[in-house]
Structures are given as C-alpha cells and as structure tokens.
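These are the residues of each chain, in order.
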Amino acid sequence: MDMIKDHYAAALKGREYWLQLKENYHFKNQDGLILCAVEEPEWLREVAGWLPGFARRKQFPQTLVLSAVRLPVTSGKDGSFPECAVIGRERMKSLLKYYRLTQFTESIYAISLEQPFGNDFMIGHKGITIGDWLRNFG
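Let us look at the structure shown here.

Reading guide: rules and limits
Residues numbered from 1 in each chain as written. Predicted model: local features only at pLDDT ≥ 70, side-chain atom pairs only at ≥ 80, totals over all residues. Heavy atoms only, no water. Helix = DSSP H or I, 4+ residues; strand = E, 2+ residues; numbered from the N terminus. Buried < 20%, exposed > 50% of the residue type's maximum accessible area, 1.4 Å probe, protein only. Contact = heavy atoms within 4.5 Å. Lys, Arg positive; Asp, Glu negative; His and termini not counted. Salt bridge = Lys/Arg side-chain N within 4 Å of Asp/Glu carboxyl O. Polar contact = N/O pair within 3.5 Å; in protein donor to acceptor, adjacent residues only side chain to side chain. Axes fitted to C-alpha atoms, helices over the stretch in contact; angles between N-to-C directions. Parallel < 35°, antiparallel > 145°, perpendicular 65-115°, else oblique. Expected span 1.5 Å × (residues − 1).

## Points about the environment of Gly-88
So, step 1. Relative to the assigned elements, Gly-88 resides in the loop between strand S3 (83–86) and helix H3 (89–101).
So, step 2. Judged by relative accessible area, Gly-88 falls into the partly exposed class, the value being 21%.
So, step 3. Counting along the chain gives 18 residues from Gly-88 to Arg-70, while the straight-line C-alpha distance between them is 8.9 Å.
So, step 4. Contact partners of Gly-88, with chain neighbours within four places excluded, come to Ser-67 and Ala-68.

Encoded structure:
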C-alpha cells in the first residue's frame with residue numbers, strides 16, 4: 001500500500017510541476033510536449049539529431065522539450081531547434097508518473113526506455129538501435 005501512495009504522491013508532484021510549466025511557457029493543448037528521459041550520451045545525440053525533423057513533421061504551433069539532463073544542443077528561439085528545458089531526474093520521474101495516470105496534454109511524447117510503459121527490451125536486441133526506434137516513433 002505504501003508503494004501505491006508513493007506513486008500517487010509522485011504523480012501529484014508531476015501535476016503541480018506541469019501546471020507551473022504550462023504557465024511559464026504559455027503552453028497550449030495543441031502544442032507539442034516531448035519528455036526526454038534518456039540519459040546515455042549516445043542516445044542523447046540521436047535524440048538531438050531527430051528532434052528538429054520530428055517537430056517540423058508534426059507542425060506543432062510550439063514544441064517544448066523537457067529533458068532529465070542537458071541535450072547536446074542549444075535551444076533556439078528562431079525555430080531551428082525546439083525550446084528545451086532541463087528539469088532533472090526527479091521532476092522527470094514525477095511527470096512520467098503523472099502521464100501514466102492521464103494524458104495531460106493533447107500531443108505528448110515520452111522518449112524513455114523505462115517510463116511510462118517500458119521499451120528497454122527492444123533496444124540492442126536483434127540489431128535495433130535507438131535511431132531505429134526514434135524513426136518509428138510517433
């Protein structure tokens with residue numbers, strides 16, 4: 001029972017943090033939100049290379065990338081790269097716990113091999129790379 005309470009408490013923190021982010025970034029429901037929870041340097045480089053094309057293809061009015069750690073790029077307000085914010089591991093975990101309970105915005109994409117639903121069994125098996133996984137994402 002304590003584990004359920006802990007997950008619920010983390011999800012509530014995620015909700016509180018989401019409401020703050022939504023206000024700070026003037027985020028609207030039709031905007032794109034990408035939660036990047038991967039931390040391995042090679043995978044972060046793959047994600048950074050993939051993000052601009054993904055955001056253009058989806059044609060979001062605004063794209064916000066929240067990352068547990070710094071992506072190997074600089075955020076660009078000129079539209080060359082989606083706006084990025086480093087939120088740290090704990091806040092990322094809380095947001096992912098909240099996402100497990102509800103899709104709190106229309107266009108949310110979680111790039112995570114573990115949360116919210118687990119994809120780590122795919123990468124590295126039978127020749128599947130993080131790049132392959134991203135190309136078939138969303």
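## As for the side chain of Asp-31
So, step 1. Looking at the secondary structure, you find Asp-31 in the loop between helix H1 (2–24) and strand S1 (32–36).
So, step 2. Nearest to the buried, unbridged Asp-31 among oppositely charged side chains is Lys-28, at 5.8 Å.
So, step 3. Among the polar contacts listed, one links the side chain of Asp-31 to the backbone nitrogen of Lys-28, at a separation of 2.8 Å.

## What about the packing of H1 against H3?
So, step 1. Two numbers describe how H1 lies on H3: the axes approach to 7 Å, and their chain directions differ by 100°. When the axes of H1 and H3 are compared, the pair comes out roughly perpendicular. Packed against H1, whose contacting residues are His-7, Ala-10, Ala-11, Lys-13, Gly-14, Arg-15, Tyr-17, Trp-18 and Leu-21, the element H3 presents Arg-91, Ser-94, Leu-95, Lys-97, Tyr-98 and Leu-101 at the interface.

## Digging into H1
So, step 1. A rise of 1.5 Å per residue sets the reference length of H1, with its 23 residues, at 33 Å; its end C-alpha atoms lie 33 Å apart and thus fit the reference within 8%.
So, step 2. The set of residues buried in H1 consists of Ala-10, Ala-11, Gly-14, Tyr-17, Trp-18 and Leu-21.
So, step 3. In this fold, the buried residues of H1 make contact with S1, strand S2 (63–67) and H3.
So, step 4. Two residues or fewer past H1, His-26 is found with a positive phi of approximately 50°.

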